[in-house]
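Here is how the chains run, residue by residue.
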Amino acid sequence: MTKFKGVRIVKEPAYAASYSEFDETELMDGDVTVRVSHSTVNYKDGLAITGKSPVVRRFPMIPGVDFAGVVESSSNPDFKPGDAVVLNGWGLGETHLGAYAQKARVKGAWLVPLPEKFTAAQAMAIGTAGYTAQLAVLALERHGLTPERGPVLVTGAAGGVGSVAVTLLAKLGWHVIASTGRPEEADFLKNLGAAEVIYRAELSGPGRPLGKERWAAAVDSVGSHTLANVLAQTKYEGAVAACGLAQGMDLPTTVAPFILRGVALLGIDSVMQPRDKRLIAWNRLARDLDVEKLAALSTTIGYDQVIETAGKILKGKVRGRIVVEIP
Ligand code: NDP
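Residues numbered from 1 in each chain as written. Predicted model: local features only at pLDDT ≥ 70, side-chain atom pairs only at ≥ 80, totals over all residues. Heavy atoms only, no water.

Draft legend 1. Representation of the packing of aromatic side chains within the structure. The full count for this structure, using the stated rule, is five aromatic pairs. An angle of 85° between the planes, with centres 6.0 Å apart, marks the rings of tyrosine 15 and phenylalanine 59 as edge-to-face. Linking tyrosine 15 in the loop between strand S1 (3-10) and strand S2 (16-23) with phenylalanine 59 in the loop between helix H1 (43-50) and strand S4 (66-74), this pair joins segments that are 44 residues apart in sequence. For tyrosine 15, a relative accessible area of 32% corresponds to the partly exposed category. The partly exposed category is assigned to phenylalanine 59, whose relative accessible area is 29%. With 5.3 Å between their ring centres and 65° between their planes, tyrosine 19 and tyrosine 303 make a pair best called edge-to-face. Residue tyrosine 19 is located in strand S2, and its partner tyrosine 303 is located in the loop between strand S14 (298-302) and helix H10 (306-314); the two are separated by 284 residues in the primary sequence. Lying across the ring of phenylalanine 188, arginine 319 places its NZ or CZ 4.0 Å from the centre. (Phe/Tyr/Trp six-rings, centres within 6.5 Å; stacked < 30°, edge-to-face > 60°. Helix = DSSP H or I, 4+ residues; strand = E, 2+ residues; numbered from the N terminus. Buried < 20%, exposed > 50% of the residue type's maximum accessible area, 1.4 Å probe, protein only. Lys NZ or Arg CZ within 6 Å of the ring centre and 35° of its normal.)

Draft legend 2. Structural view of the site of the ligand. Among the 25 residues in the neighbourhood of the ligand, the closest are listed as Val161, Thr180, Gly181, Arg182 and Ser270. Here an oxygen atom of the ligand sits 2.9 Å away from a polar atom, N or O, in the main chain of leucine 245. Within the side chain of serine 270, an N or O atom sits 2.7 Å from an oxygen atom of the ligand. When residues of the shell around the ligand are traced back to their parent elements, those giving at least two are helix H2 (120-142) and helix H3 (160-171). Residues belonging to the shell around the ligand are distributed by class as follows: ten nonpolar, twelve polar and three charged. (Near = heavy atom within 4 Å. Polar contact = N/O pair within 3.5 Å; in protein donor to acceptor, adjacent residues only side chain to side chain. Nonpolar A, V, L, I, M, F, W, Y, C, P; charged D, E, K, R; others polar.)

Draft legend 3. Spotlight on H3. Taking 1.5 Å as the rise per residue, H3 with twelve residues should run 16 Å; its terminal C-alpha atoms sit 17 Å apart, in good agreement. Of all twelve residues in H3, ten are buried, a share of seventy percent or more. Within H3 the residues assigned to the buried category are Gly160, Val161, Gly162, Ser163, Val164, Ala165, Val166, Thr167, Leu168 and Leu169. (Expected span 1.5 Å × (residues − 1).)

Draft legend 4. Main features of the nonpolar core. Leu140, Val154, Val166, Leu169, Trp282 and Leu285 are the most contacted members of the largest nonpolar core, which totals 51 residues. For this core, the leading source of residues is H2, giving 14 residues. Sequence-distant contacts of leucine 140, defined by excluding residues within four places in its chain, comprise Leu145, Val152, Ala217, Ala218, Val219, Ala239, Ala241 and Leu266. (Core = buried A, V, L, I, M, F, W, Y, C linked by side-chain atoms within 4.5 Å. Contact = heavy atoms within 4.5 Å.)

Draft legend 5. Just the environment of alanine 157, in detail. Here alanine 157 lies in the loop between strand S8 (152-154) and H3. Between the C-alpha atom of alanine 157 and that of glycine 320, which follows or precedes it by 163 residues, the distance is 8.5 Å. Discounting residues that sit within four places of it in the chain, alanine 157 has contacts with Gly162, Ser163, Val166, Ala178, Ser179 and Leu189.

Draft legend 6. Layout of the pattern of salt bridges. Scanning the entire structure with this criterion turns up 14 salt bridges. Arginine 319 serves as the salt-bridge partner of glutamate 185, at 2.9 Å between the closest nitrogen and oxygen. With glutamate 185 in the loop between strand S9 (176-180) and helix H4 (186-192) and arginine 319 in the loop between H10 and strand S15 (321-325), this pair connects stretches of sequence that are 134 residues apart. Relative accessible area serves as the criterion here: at 36%, arginine 319 is assigned to the partly exposed category. The residue glutamate 213 makes a salt bridge to arginine 261 at a minimum N-O spacing of 3.5 Å. Placement of glutamate 213 in the loop between helix H5 (201-204) and strand S11 (215-220) and of arginine 261 in helix H7 (residues 256-261) is noted, with a sequence separation of 48 residues between them. (Salt bridge = Lys/Arg side-chain N within 4 Å of Asp/Glu carboxyl O.)

Draft legend 7. View of the UniProt feature "domain: Enoyl reductase (ER)" (unreviewed entry) in the protein. Here, UniProt's "domain: Enoyl reductase (ER)" (unreviewed entry) annotation points to residues 17-324. In residues 17-324, the share of helix is 32% and the share of strand is 25%. The end C-alpha atoms are 17 Å apart. (UniProt positions renumbered as here; feature names shortened; annotations may be inferred.)

Right, here's the structure in full:
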């Protein structure tokens, strides 16, 4: 096929996303062409499709930051037609034509082989959100933290990053405290392995510089006052892996947790992670992530539901992870 289906974002006459058609000649530079079979909807995809934040920096754009598929053609010696591959980030859906399309042309250096343990759909149930949760767990471990040090808090727990973080940390033996704004998801979170569920209003308002020491570690996908309160309630020499901004990009904190308790704030970026660290993260996901739990936290949608789902994820109405089947 020279024509293929894809979601098109345009900026003129007004910012809009629609189900459209592309020609292969529109594909951007790259040494590997992939027939995409699955994608997912992350929070960032919601921002891109709705235009709520300036995620897209090239027009027209095909949104979608993650895909799994099969190599169709390659001039890269590391990949041959038929290879099953995964791509997370690297500017896909932002500066490079992305994943909500039947085809993608990318640099082979951006691809990782699909781990044997996972199908393409499962790799997208993980997606950038799940791989970011794994990066956060690895960062806490690099800081020397273990379950013996005390509980771990996960904020935005019913979301994508949060639900995978809960699952991974529980499997590793942590006492997981899940913070959510959706108390009706308490059973869902306990099923993933949360030992306690707390309501996010406890953490989302302005707080004191230091509070009672409650957790040794945390994975935060929320930012703003929540992250400030998480830091203020982290135990002596604990650490917080910060990966998101669902509440806000600000961080109204003080230096008190850092200089009085030696708390560390560990920044997590998934987009530009070098390939060797991606392979480590995917190997750990293959080792630690229970595929039954992954099925419990994911929902499958059709390609033609992507645009409406983008609006839902920004409203916090998506539970866990979404897999998109590309026709
Ligand atoms: P989701 O929408 O799936 O999850 C976000 C969760 O945050 C929601 O489910 C909700 O959890 C909680 N939340 C939403 N709004 C608010 C609010 N106003 N106040 C407090 N909590 C809120 O998104 P993802 O899991 O895909 O992404 C989470 C965050 O991580 C995003 O900000 C995203 O941009 C960022 N991210 C960063 C990456 C990186 O490389 N650093 C990679 C991937 C994601 P609940 O209902 O349980 O309260």
